[in-house]
Amino acid sequence: MTAWTKTLTWLLWLLPLAAPAVEVTFRPVADGVYAFVGETGARSPRNEGLNANLGLVVTPAGAVLIDSGATFQGARQIHEAVRRITPQPVRWVINTGGQDHRWLGNGYFQAQGAELIAHAAGQADMANRGNDHLLALRAALGPLADGTVPTLPTRWLAGPDEPLMLGGVVFQFKHRGGAHTPGDLLVWLPQQRVLFAGDTVYVDRMLGVLPVSHTGRWLKTFEVIEQLDPQVLVPGHGAVTNLATARADTLAYLQALRAHMKQAVDNGTDISAAVKSFNTAPFLRLLNAAELMPGNASRTYLELERE
Ligand SMILES: [Zn+2]
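Every chain is numbered independently, its residues counted from 1 as its sequence is written. This being a predicted model, a pLDDT of at least 70 is required before a residue's local features are given, and a value of 80 or more before pairs of side-chain atoms are given or counted; all residues contribute to the totals for chains, interfaces and linings. Heavy atoms from the whole structure form the basis of all side-chain values; hydrogens and water molecules are not counted.

Asks: Any chance you could explain the coordination of the zinc ion here in plain terms?
Replies: Expected angles at a metal are 109.5 degrees for tetrahedral coordination by four donors and either 90 or 180 degrees for octahedral coordination by six donors. Ligation of the zinc ion by protein atoms is provided by His-101 (NE2), Asp-199 (OD) and His-237 (NE2), these donors lying 2.2 to 2.7 Å from the ion. Listed donors are limited to N, O and S atoms within 2.8 Å of the metal, widened to 3.2 Å for Na, K and Ca; water is not among them, so incomplete-looking sites are possible. Read N to C, the donor residues that coordinate the zinc ion are spaced as H-x97-D-x37-H. Separated by 136 residues along the polypeptide, His-101 in helix α3 (residues 100–103) and His-237 in strand β12 (residues 232–237) bring together distant segments of the chain. Think of it in three bands: with a 1.4 Å probe and only protein chains considered, a residue is buried below 20% of the maximum accessible area for its type, exposed above 50%, and partly exposed in between. Residue His-101 is classed as buried on the basis of its relative accessible area, which comes to 2%. The buried category is assigned to His-237, whose relative accessible area is 3%. Strands here mean DSSP runs of E at least two residues long; helices mean DSSP runs of H or I at least four residues long; both are numbered from the N terminus.

Okay, here's the thing in structure tokens:
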């Protein structure tokens, strides 16, 4: 064999290792607190639908996972990543919202013995959209979605402010009626001043206003984030960040969009003219902005029309 064919043989031998498998790595953001920052693009076989951020809190009595990923197989990758951080079992899983990558990995972790926790305001949304999410994931991921069964949480938080001691660590859960999805939950660690904001904060990329979103209550939720004044802010999408960047990439857009649509509705401007006249220029720097802004704008118009 020549050196070249040797190299080629070696490369071919490596090929199966390059098959799609998302690389999940938790990085420390505070003592005992970790974040995985997912890709900011679309769901793909390469990211296994984990195009979102996750959190991990290691307590003396077990690990707390914040969001379980989009699929059964993805959840297994998440579990492997947890094992590289701690030998503690995952005893609790928090779902911060009703989007697929927040909870469709629940089935895997339930089978490992974890308790699944979410806000009761998200229950109907999860039940209604779980199977649709799964169909979309099958289309995007193919066999990588196999094994996934939408599995609802087993413990529902009811109030706007729910403190919970998990493994001796203080967690505070805050819900203000939903934002991106009806169950959107802030996970606040007061001792570490770390906030896992879930889909209430997007940085680097454009946020999504869905038919189940509510931009008015989203702003109410953001008021809580301002009050908490986190030292570390883990957004739902984009790099681990701070309040100033969250204001620039999430709050400023929501405020501008609502102000514009409120005026359009008050003036009797029709929806297509209102969508076209929104000044997109300040936000085009955000990834996915061009594709998402027209839908965001029309859904916000419809919301303000109902107000
Ligand atoms: Zn999301």
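Asks: Quick question: what am I supposed to make of the pattern of salt bridges here?
Replies: When the charged atoms of two side chains lie near each other, side chains of opposite charge can form a pair. Should a side-chain nitrogen of Lys or Arg be within 4 Å of a carboxyl oxygen of Asp or Glu, the pair is scored as a salt bridge. Tallied over the full model, the rule gives 15 salt bridges. The salt bridge involving Lys-174 is made with Asp-161; its shortest N-O contact spans 2.8 Å. Note that Lys-174 is positioned in strand β9 (residues 169–174) and Asp-161 in strand β8 (residues 161–166), a separation of 13 residues in sequence. Assessed through its relative accessible area of 13%, Lys-174 is described here as buried. Residue Glu-307 pairs with Arg-258 through a salt bridge whose shortest N-O separation is 3.3 Å. Of this pair, Glu-307 sits in the segment after α9 (289–306) while Arg-258 sits in helix α7 (residues 243–267), placing them 49 residues apart in sequence. Among the residues examined, Arg-258 registers a relative accessible area of 15% and is labelled buried. Within this structure, Asp-67, Arg-102 and Asp-199 form a network of salt bridges that share partners.

Asks: Is there a simple way to think about the confidence of the model for the protein in this case?
Replies: One rule of thumb: low pLDDT means the predicted coordinates there are not for detailed reading. Looking at the protein, the pLDDT average stands at 94 and 93% of residues meet or exceed 70. Note that residues 15–19 has pLDDT below 50 and, in this model, 0 contacts with residues that lie over four places away or in other chains. By definition, pLDDT measures how confident the predictor is in each residue, and it falls between 0 and 100. What makes two residues a contact is simply this: any of their non-hydrogen atoms within 4.5 Å.

Asks: I keep staring at the pairing of strand β11 (residues 194–202) and nothing clicks. Help me out?
Replies: For a regular strand, the rule is simple: side chains alternate between the two faces of the sheet. Taking burial as the measure, the 9 residues of β11 include 9 buried ones, the bulk of the element. Strand pairing is defined by DSSP finding a minimum of two bridges between the two strands. Sheet analysis places strand β10 (residues 186–189) next to β11, joined by 3 bridges and oriented antiparallel. Counterpart to Leu-189 in the pairing with β11 is Val-194. Hairpin geometry of β10 and β11 is characterised by an intervening segment of 4 residues between the two adjacent antiparallel strands and by a positive phi of about 55 degrees at Arg-193. As defined by bridge partners, β11 adjoins β12 across 5 bridges and the pair is classed as parallel. Bridge pairing in β12 links Phe-196 to Val-234. Think of it like this: strands point away, you trace from the first strand over the helix to the second, and a clockwise trace means the crossover is right-handed. Viewed along the sheet, the connection from β11 through helix α6 (residues 215–228) into β12 turns out right-handed.

Asks: Explain the sheet that holds strand β1 (residues 27–30) here, please?
Replies: Each strand in a sheet pairs with another by means of backbone hydrogen bonds, the pair being arranged parallel or else antiparallel. Ordered by their spatial adjacency, 7 strands build an open sheet running β1-β2-β3-β4-β5-β6-β7, and the pairing between neighbours is mixed. Looking along the sheet, the strands with just one partner apiece sit at the ends: β1 and β7 (155–157). Pairwise comparison of adjacent strand axes, ignoring direction, gives a mean angle of 25 degrees for this sheet. The convention used is that axes are lines fitted to C-alpha atoms, helices contributing only their stretch in contact, and that angles between N-to-C directions extend from 0 to 180 degrees. Sheet strands touched by helix α2 (residues 72–85): β2 (33–36), β3 (54–59), β4 (62–66) and β5 (90–94). Its angle to β3, the strand with the most contacts, is close to 40 degrees.

Asks: Got a minute to help me understand unusual backbone geometry in this structure?
Replies: Residues apart from glycine generally show negative phi values, whereas peptide bonds are mostly found in trans. The phi torsion at Glu-48 lies on the positive side, around 50 degrees, for a residue other than glycine. As for its position among the elements, Glu-48 is in the loop between β2 and β3. With relative accessibility at 1%, the residue Glu-48 sits in the buried group. The phi dihedral of Asp-67 falls on the positive side, at around 80 degrees, and the residue is not glycine. Considering the arrangement of structural elements, one finds Asp-67 in the loop between β4 and α2. The class for Asp-67 is buried, based on a relative accessible area of 2%.

Asks: Looking at this structure, I do not really get the nonpolar core. What am I missing?
Replies: For soluble globular proteins, the rule of thumb is that nonpolar side chains tend to be buried together. Side-chain atoms within 4.5 Å are what join buried Ala, Val, Leu, Ile, Met, Phe, Trp, Tyr and Cys residues into a set we call a nonpolar core. Leu-195, Val-201, Met-206, Leu-207, Ile-225, Leu-233 and Tyr-253 are the most contacted members of the largest nonpolar core, which has 35 residues in total. Among the elements that make up this core, the one with the highest residue count is α7 (8 residues). Not counting residues within four places of it along the chain, the set of residues in contact with Met-206 comprises Tyr-253, Phe-283, Leu-286, Leu-287, Asn-288, Ala-289, Leu-292, Met-293 and Asn-296. Counting residues in hydrophobic clusters, the runner-up holds 21 residues, among them Val-33, Phe-171, Phe-173 and Leu-189.

Asks: In this structure, what is going on with the environment of Gly-105? I would like to understand it.
Replies: Among the secondary structure elements, Gly-105 is positioned in the loop between α3 and α4 (106–111). Placed 43 residues apart in sequence, Gly-105 and Thr-148 show a C-alpha to C-alpha distance of 7.1 Å. Other than its neighbours up to four places away in sequence, Gly-105 contacts Ser-68, Gly-69, Ala-70, Thr-71 and Ala-75.

Asks: Hey, could you run me through the environment of Leu-104 in this one?
Replies: With respect to the element layout, Leu-104 can be found in the loop between α3 and α4. Placed 203 residues apart in sequence, Leu-104 and Glu-307 show a C-alpha to C-alpha distance of 33 Å. The residues contacting Leu-104, other than those within four sequence positions of it, are Ser-68, Gly-69, Ala-70, Thr-71, Phe-72, Gly-130, His-133, Leu-134, Leu-137, Thr-148, Val-149 and Pro-150.

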